[in-house]
Amino acid sequence: MENISGTLRGKPAADALDLETKKAVQALRERGSEDLSYERGAMKRCAADGIEVRQVLLPEDVSQAELLGRIQDLNEDSTVHGILMFRPLPKTLDEQAACAVILPEKDVDGVTAGSMAAVYAGKGAGFAPCTAEAVITMLRYYQVPLRGSRAVVVGRSLVIGKPVAMLLLAEHATVTICHSRTTDLPAVTREADLVVAALGRAEFLGAEYFRAGQTVIDVGINWSGSKQKLVGDVDTEAALQAGAAVSPVPGGVGSVTTAVLASHVARAAQRQAEV
Ligand code: NAP
């Protein structure tokens, strides 16, 4: 902090505020483009799989009552088998309340309490969050042994970390969940047979976190550097050098997520046809 004396020029204060604004705009842009690319990917994948997609676009100033009403309409429409609500919603809306009204049977992105209960209890209506299930889909496809294995999940969000941990537990892995207060994280991850990285920090997990023979699934999506390159939470080159098998970013879990979404819609339609 400079001494408060002499001339108090405005420019440094304006520059400092500008820097903050630029950072905030950049963060919003990243978030927005991430959501838009997920939306485009999801629509393309569903169309390719023969699933009809209906886009319901609401104005930014839509009221909570109108939003809930539109979701209710979709719940009651028997030609709609799955509902995916893109988030974050504008700050004026109660996102949790909106998620809560989606019928668990149609909750193909696993956002309702019913879906969460199904993931945690291992039974019931609803679906796991698509990204969490995409991790398991990758592991199954590559026949990574899970039963009795030591799995470390880095991240404890409700969208990824926690549900991934529950799904791994259901596969009989011994699961450790790490977070920002975990001490000596490299020692914990090095112990694991499987590391799932979902912490949202660009290439944060470097060579010291890995050893030969491990499987590493990188869930991270981060835009890094002045060129805004898409990178994961793992330093892929370093992990490969350490001898681990690593899912890349881009071209790893992300592409599986939309495939899982499409499979959820198909399963939802099957289940609804059976009732
Ligand atoms: P989030 O809500 O920000 O959660 C991040 C978690 O990581 C928190 O639990 C946090 O711990 C933990 N963490 C942060 N810094 C850490 C550190 N230095 N050491 C250990 N743990 C740390 O993020 P999210 O929504 O779960 O997303 C995680 C990543 O997945 C992001 O990069 C996101 O963009 C990406 N993502 C990918 C897909 C896909 O389809 N591939 C979909 C959605 C999101 P605390 O709880 O202690 O704060």
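This section reports on the structure supplied with the text. Because the structure is predicted, anything quoted here is derived from the model rather than measured. Here, residues in each chain are numbered from 1, in the same order as that chain's written sequence. Local features in this predicted model are restricted to residues of pLDDT 70 or higher, and side-chain atom pairs are both shown and tallied only at a pLDDT of 80 or more, whereas totals for entire chains, interfaces and linings draw on every residue. Side-chain metrics in this entry use all non-hydrogen atoms of the structure; hydrogen atoms and water are not considered.

## Focus: the packing of helix H5 (residues 130–141) against helix H6 (residues 161–170)
Point 1. Angles run from 0 to 180 degrees between N-to-C directions of axes, and those axes are lines fitted to C-alpha atoms, restricted for helices to the stretch in contact. Under the scheme used here, helices are H or I runs from DSSP no shorter than 4 residues and strands are E runs no shorter than 2 residues, and both carry numbers assigned from the N terminus. Packing of H5 against H6 brings their axes to within 8 Å, and their N-to-C directions diverge by 40°. Relative to H6, the element H5 is oriented oblique. Here the hand of the crossing between H5 and H6 comes out right-handed. Of H6, the residues touching H5 (which contributes Ala132, Glu133, Val135, Ile136 and Leu139) are Pro163, Val164, Leu167 and Leu168.
Point 2. Gly counts as polar in this scheme, as do all residues outside two lists: the nonpolar Ala, Val, Leu, Ile, Met, Phe, Trp, Tyr, Cys and Pro, and the charged Asp, Glu, Lys and Arg. Considered class by class, the residues forming the contact of H5 with H6 number eight nonpolar, no polar and one charged. Throughout this description, any angle smaller than 35 degrees is read as roughly parallel, any larger than 145 degrees as roughly antiparallel, any in the 65 to 115 degree range as roughly perpendicular, and the remainder as oblique. With the far helix as reference, a near helix turned anticlockwise by less than a right angle produces a left-handed crossing, and one turned clockwise produces a right-handed crossing. Two residues qualify as a contact provided that any one of their heavy atoms is within 4.5 Å of a heavy atom in the partner residue.

## A closer look at the pairing of strand E1 (residues 150–154)
Point 1. Where burial is concerned, most of E1 is hidden: four out of the five residues are buried.
Point 2. For two strands to be treated as a pair, DSSP must find at least two bridges joining them. In terms of strand pairing, E1 meets strand E2 (residues 174–178) through five bridges, oriented parallel. Looking across to E2, one finds that arginine 150 is bridged to threonine 174.
Point 3. Taken together, E1, H6 and E2 constitute a β-α-β crossover, and its handedness is right-handed.
Point 4. Relative to strand E3 (residues 194–197), E1 runs parallel, the two being bridged by four bridges. Bridge pairing in E3 links alanine 151 to leucine 194. Note on classification: 1.4 Å probe, protein chains only; a residue is buried when its accessible area is under 20% of the maximum for its type, exposed when over 50%, partly exposed between these limits. Here the term right-handed applies to a crossover when the path leading from its first strand over the helix to its second strand runs clockwise, the strands being oriented away from the viewer.

## Considerations on the sheet that holds E3
Point 1. Strand order in the open sheet formed by five strands is E2-E1-E3-E4-E7, with parallel pairing between adjacent strands. Strands at the two margins of the open sheet, each flanked by one partner only, are E2 and strand E7 (245–246).
Point 2. Bridge analysis of strand E4 (residues 215–218) against E7 gives two bridges, and the strand direction is parallel. Considered in E7, the bridge of valine 216 is made with valine 246.
Point 3. Sitting on the sheet, H6 touches E1, E2 and E3, and the angle it makes with E1 is about 170°.

## Considerations on the side chain of glutamine 214
Point 1. Structurally, glutamine 214 can be placed in the loop between E3 and E4.
Point 2. Taking relative accessible area as the criterion, glutamine 214 reaches 1% and is therefore assigned buried.
Point 3. There is a polar contact of 2.8 Å between the side chain of glutamine 214 and the backbone nitrogen of arginine 211. Residues adjacent in sequence count toward polar contacts only when both atoms are side-chain atoms; beyond that, a polar contact is any pair of N or O atoms within 3.5 Å, and within protein one must be able to donate a hydrogen and the other to accept it.

## With respect to the site of the ligand
Point 1. By nearness alone, 23 residues border the ligand, and Arg156, Ser157, Ser180, Arg201 and Ile221 come closest of all.
Point 2. A total of 940 Å² of accessible area belongs to the ligand in isolation, and the protein chains cover 73% of it.
Point 3. The residue inventory of the shell around the ligand, partitioned by class, reads eight nonpolar, 10 polar and five charged. We call a residue near a molecule or strand as soon as one heavy atom of that residue lies within 4 Å of the molecule or strand. In short, Shrake-Rupley with a 1.4 Å probe defines the accessible areas, and a residue's cover is counted only from the protein chains shown.

## Regarding the packing of aromatic side chains
Given two aromatic rings, their pairing is described by the distance between the two centres and the angle made by the two planes.
Point 1. Under the pairing criterion, centres of Phe, Tyr and Trp rings, with the six-membered ring standing for Trp, must be within 6.5 Å; the plane angle then separates stacked pairs below 30 degrees from edge-to-face pairs above 60, leaving the rest tilted. In the structure shown here, the tally under the stated rule is four aromatic pairs.
Point 2. Look at tyrosine 38 and phenylalanine 86: their rings are 5.8 Å apart centre to centre, the planes differ by 70°, and that puts the pair in the edge-to-face class. With tyrosine 38 in helix H1 (residues 11–48) and phenylalanine 86 in the loop between helix H2 (64–76) and helix H3 (95–101), this pair connects stretches of sequence that are 48 residues apart.
Point 3. Taking relative accessible area as the criterion, tyrosine 38 reaches 22% and is therefore assigned partly exposed.
Point 4. When its relative accessible area of 29% is taken as the criterion, phenylalanine 86 is described as partly exposed.
Point 5. Ring geometry for tyrosine 209 versus phenylalanine 210: centroids 6.5 Å apart, planes at 50°, classification tilted. Neither tyrosine 209 nor phenylalanine 210 differs from the other in exposure class; each is buried.

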